[in-house]
Amino acid sequence: MSLDPTSLNNFLLFGVAWGGAFLAALWLSLVLWAYRDIRSRARDPLSRILAVLVVAVLFLPGIVIYLILRPARTLEEEYQRTLEEEALLQSIEESSLCPGCSRRIKDNWLICPHCQTKLKKSCHNCGKLMDLPWNLCPYCATPVPGMRRENLTLDEALRPIPAEETEEEVEEELQTE
Ligand SMILES: [Zn+2]
Ligand SMILES: [Zn+2]
């Protein structure tokens, strides 16, 4: 079997054409990838153009250079990180301090474990925690016992409390009948 020079030539030509097409497709996809990648990592147009140019001109070495130099975090990750940092900062700022000893206390503590300062009281009806100055439970609207209720209408204020009806009054009622 002898190799015909024309068919060998055709074979080589085919190989070169195929290789060329593959390289062109690879080049195009790398440029596209670099464009998408830099778009998610940098906001300014100059770095975007530079990144695409480096990959387009230098091809494979360009990709290596781009991978080394590209911003470590995407814009999305950067945004998440700032959010987390802000939340952390806020939680540190918001965590309250004991009015007695200025140590850090938790919001659901009734009493400061360090200096025994009373921090909260619990509602006698629903048991939820209330700030000390509150006269009314914000969860079940029960007034704190012994506290004067504000904003009472005259009718409400004059309405007799059934449980506190004294024996004398009961006797009087019986006598009138
Ligand atoms: Zn304290
Ligand atoms: Zn309550």
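Before reading further, recall that the structure is shown in the block above.
This is a predicted model, so every value here is computed, not measured. (Residues numbered from 1 in each chain as written. Chains lettered and ligands numbered in written order. Predicted model: local features only at pLDDT ≥ 70, side-chain atom pairs only at ≥ 80, totals over all residues. Heavy atoms only, no water.)

Visitor: Describe the side chain of lysine 121, listing the residues and the values that go with them.
Guide: Structurally, the position occupied by lysine 121 is in strand 1 (residues 120–122). At 9.1 Å, aspartate 131 is the nearest oppositely charged side chain to lysine 121, a buried residue that forms no salt bridge. Here tryptophan 134 takes part through its backbone oxygen, which lies 2.7 Å from a polar atom of the side chain of lysine 121. (Helix = DSSP H or I, 4+ residues; strand = E, 2+ residues; numbered from the N terminus. Buried < 20%, exposed > 50% of the residue type's maximum accessible area, 1.4 Å probe, protein only. Lys, Arg positive; Asp, Glu negative; His and termini not counted. Salt bridge = Lys/Arg side-chain N within 4 Å of Asp/Glu carboxyl O. Polar contact = N/O pair within 3.5 Å; in protein donor to acceptor, adjacent residues only side chain to side chain.)

Visitor: For helix 1 (residues 5–39), give the residues involved together with the corresponding values.
Guide: An ideal rise of 1.5 Å per residue puts 51 Å on 35 residues; helix 1 measures up with 50 Å between its terminal C-alpha atoms. Among all positions in helix 1, only Leu30, Val31, Ala34, Asp37 and Ile38 are buried. (Expected span 1.5 Å × (residues − 1).)

Visitor: Before we move on, could you go through the coordination of the zinc ion (ligand 1) and cite the residues and values that matter?
Guide: All of the protein donors around the zinc ion (ligand 1) are Cys98 (SG), Cys101 (SG), Cys112 (SG) and Cys115 (SG); their distances to the metal are 2.2 to 2.3 Å. Classification of the site at the zinc ion (ligand 1) rests on its four donor atoms, whose angles at the metal span 102 to 114°, yielding the label tetrahedral. Here cysteine 98 falls in the buried class, since its relative accessible area comes to 2%. Its relative accessible area of 29% is what places cysteine 115 among the partly exposed residues. (Donors = N, O, S within 2.8 Å, 3.2 Å for Na, K, Ca; no water. Tetrahedral: all angles 85-135°; square planar, octahedral: opposite > 155°, others 65-115°.)

Visitor: Tell me about the pattern of salt bridges, and please be specific about residues and values.
Guide: Should their charged atoms come close, side chains of opposite charge can pair. Counted by the stated rule, this structure contains four salt bridges. Between arginine 41 and aspartate 37 there is a salt bridge whose closest N-O contact spans 3.0 Å. The class for arginine 41 is buried, based on a relative accessible area of 12%. Assessed through its relative accessible area of 11%, aspartate 37 is described here as buried. Several salt bridges converge on common partners, so that one network encompasses Asp37, Arg41 and Arg70.

Visitor: Could you give me a rundown of the coordination of the zinc ion (ligand 2), with the residues and numbers involved?
Guide: Each protein donor to the zinc ion (ligand 2) is listed here as Cys123 (SG), Cys126 (SG), Cys137 (SG) and Cys140 (SG); together their distances run 2.2 to 2.3 Å. Here the zinc ion (ligand 2) binds four donor atoms, and the angle range of 106 to 118° at the metal identifies the geometry as tetrahedral. Along the chain, the residues donating to the zinc ion (ligand 2) fall in the pattern C-x2-C-x10-C-x2-C. Taking the relative accessible area as the measure of exposure, cysteine 123 reaches 5% and is therefore buried. Residue classification places cysteine 126 among the partly exposed positions, given a relative accessible area of 34%.

Visitor: Which residues make up the packing of aromatic side chains, and what values do they have?
Guide: Applying the stated rule across the entire model yields two aromatic pairs. Each ring, one from tryptophan 18 and one from phenylalanine 22, has its centre 5.9 Å from the other, and the planes form 5°; the classification is stacked. Taken together, the positions of tryptophan 18 and phenylalanine 22, both in helix 1 and four residues apart, correspond to about one turn of that helix. When the centroid spacing of 5.9 Å and the interplanar angle of 90° are considered together, the rings of tryptophan 33 and tyrosine 66 count as edge-to-face. A residue pair is termed long-range when its members are at least 10 positions apart, and tryptophan 33 in helix 1 and tyrosine 66 in helix 2 (residues 45–69) qualify at 33 residues. (Phe/Tyr/Trp six-rings, centres within 6.5 Å; stacked < 30°, edge-to-face > 60°.)

Visitor: Let's hear about the nonpolar core: which residues, and what values?
Guide: Counting residues in hydrophobic clusters, the biggest one holds eleven residues: Leu30, Val31, Ala34, Ile38, Ala42, Ala51, Val52, Val55, Phe59, Ile63 and Tyr66. When residues of this core are traced back to their parent elements, those giving at least two are helix 1 and helix 2. No other element matches helix 2, which puts six residues into this core. With residues near it in sequence (within four places) discarded, valine 31 still touches Val52, Val55 and Ala56. (Core = buried A, V, L, I, M, F, W, Y, C linked by side-chain atoms within 4.5 Å. Contact = heavy atoms within 4.5 Å.)

Visitor: How would you summarise unusual backbone geometry if you had to cite specific residues and measurements?
Guide: With a phi close to 60°, phenylalanine 59 is a non-glycine residue in the positive phi region. Structurally, the position occupied by phenylalanine 59 is in helix 2. Exposure remark for phenylalanine 59: the relative accessible area of 18% places this residue in the buried category. Positive phi values are uncommon outside glycine, yet alanine 141 reaches one of about 65°.

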